[in-house]
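These are the residues of each chain, in order.
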Amino acid sequence: MKRKIAVLVMSSMMVLGLNAQNLSFGPSAGFGGTWISGLPNSKSRAAGNVGVALTYSSAPHFGIGSELKYSIEGGNSKVGSTDIETRLDYIRVPLKLIYFFGDFGDKLRPKVAIGPSFGFLVGGNRETSNNNMVTSKTNATDLFKTLDVGIGASAGINYRLVKNTWFVADVNYYNGLTNINQTGTANNKNRNIGLNIGVNFGIGNAR
């Protein structure tokens, strides 16, 4: 698993690092809601992520981006009087094609983005309870597949704070494409939506 993550990160870095003068990077964190399709009486639960983001843009309106983040996902459901809480912890690597509105030098740059996202399951658990009494707890890695693949879409802004430093905010939606269930016939897919904020620092003469 670590080798797969390293290959994805190195590939992203090679693509984004074509010209360091047009590269920006920085920390990112987010929160929102997450759920799993195909569960009985599926409900959302709190989600969160933290990591780093990189953006490469040498054209006025187009760029490419990547992130490496720790992402808490999953969902809740209910069968009869039994409550089921599922937490899935991923190392997630989204890749993005970005369209920027406005021009280089503008203080505010709205943007939209879309691209694939790869999640590597590293932890979490499924907990069942009845009348608020826990009846079982199972490691997520025993129930769900290691790799999750889907499509992410976002809309947001880059706001220049000072030269070569931007405040970044995005509303993100993730739609899983692969069945994450490995123990039965159910077709379960990850879904989540949330807000991410961060600060990007430009390298060289990044615009």
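Above this note sits the structure.
So, here's what we can say about the structure. Here the residue index of a chain counts from 1 through its sequence in written order. Residue-level local features of this predicted model are given only where pLDDT is at least 70; pairs of side-chain atoms are given and counted only at 80 or more, and the full residue set underlies all totals for whole chains, interfaces and linings. Just so you know, side-chain values use all the structure's heavy atoms and leave hydrogens and water out.

1. A word on the overall build of the protein chain
Put simply, the test is: Labels follow the DSSP assignment, with helices taken as runs of H or I lasting at least four residues and strands as runs of E lasting at least two, numbered in each case from the N terminus. Note on exposure labels: buried denotes an accessible area under 20% of the residue type's maximum, exposed denotes more than 50%, and partly exposed covers the range between, all computed with a 1.4 Å probe on protein chains only. The contact criterion used is simple: two residues touch if any of their non-hydrogen atoms lie within 4.5 Å. Only the protein chains shown count as cover for residues, with accessible areas throughout obtained via the Shrake-Rupley method and a probe of 1.4 Å.
In terms of regular secondary structure, the protein chain is built from one helix and nine strands. Reading the helices (α) and strands (β) of the protein chain from amino to carboxyl end gives α-β-β-β-β-β-β-β-β-β. With 207 residues in all, the protein chain has 43% of them scored as buried. Sequence-distant contacts, at least 24 apart, represent 66% of the contacts inside the protein chain between residues at least 6 apart. As displayed, the protein chain offers around 10500 Å² of accessible surface, 63% of which is attributable to carbon and sulfur atoms.

2. Side note on a nonpolar patch on the surface
Worth spelling out the cut-off: Any residue with relative accessible area above 30% and no salt bridge may belong to a patch, with like charges joined within 9 Å and the nonpolar Val, Leu, Ile, Met, Phe, Trp and Tyr side chains within 5 Å. Each reported salt bridge corresponds to a side-chain nitrogen of Lys or Arg within 4 Å of a carboxyl oxygen of Asp or Glu.
A cluster of nonpolar side chains, namely Phe31, Leu108, Ile157, Tyr159, Leu161, Val162, Phe167, Val171, Tyr173, Ile193, Leu195 and Ile197, defines an oily patch on the protein surface of about 1000 Å² accessible area. Among the elements that take part in the nonpolar patch, strand E7 (residues 147-162) stands out by supplying four residues, more than any other. Topologically, leucine 161 is positioned in strand E7. You can call leucine 161 partly exposed: its relative accessible area is 45%.

3. Concerning unusual backbone geometry
Backbone geometry at asparagine 41 places phi at a positive 50 degrees, although glycine is not the residue there. Mapping asparagine 41 onto the fold places it in the loop between strand E1 (23-37) and strand E2 (45-56). Non-glycine residue asparagine 132 carries a positive phi angle of around 65 degrees. Mapping asparagine 132 onto the fold places it in the loop between strand E5 (108-130) and strand E6 (133-139). Note on asparagine 132: relative accessible area 74%, which makes it exposed.

4. Description of the nonpolar core
Our working definition: By convention a nonpolar core is built from buried Ala, Val, Leu, Ile, Met, Phe, Trp, Tyr and Cys residues, the set being connected through side-chain atoms within 4.5 Å.
Counting nine residues, the largest nonpolar core is built from Ile36, Leu39, Leu88, Tyr90, Leu121, Ala140, Leu143, Phe144 and Ile180. The contacts of leucine 39, once residues within four sequence positions are left out, are Asn76, Ser77, Arg126 and Asn188.

5. Let's talk about the packing of aromatic side chains
For clarity, the cut-off: Only Phe, Tyr and Trp rings take part, Trp by its six-membered ring, and two of them pair if their centres are within 6.5 Å. Stacked means planes under 30 degrees apart, edge-to-face means over 60, and tilted covers everything else.
For the structure shown, the criterion picks out two aromatic pairs. Relative to tyrosine 99, the ring of phenylalanine 62 lies with its centre 5.2 Å away and its plane at 75 degrees, an arrangement referred to as edge-to-face. Pair noted here: phenylalanine 62 is in strand E3 (residues 62-79) and tyrosine 99 is in strand E4 (residues 82-100), with a separation of 37 residues, a long-range link. Judged by centre distance (5.0 Å) and plane angle (80 degrees), the rings of tyrosine 99 and phenylalanine 101 are edge-to-face. One aromatic cluster in this structure is built from Phe62, Tyr99 and Phe101.

6. A closer look at the pattern of salt bridges
Within the structure shown, the criterion is met by eight salt bridges. Lysine 111 serves as the salt-bridge partner of aspartate 170, at 3.5 Å between the closest nitrogen and oxygen. Placement of aspartate 170 in strand E8 (residues 165-176) and of lysine 111 in strand E5 is noted, with a sequence separation of 59 residues between them. Of the two residues examined, aspartate 170 and lysine 111, each falls in the buried class. Each of the salt bridges in this network shares a partner with another, and the network as a whole consists of Glu67, Lys69 and Lys96.

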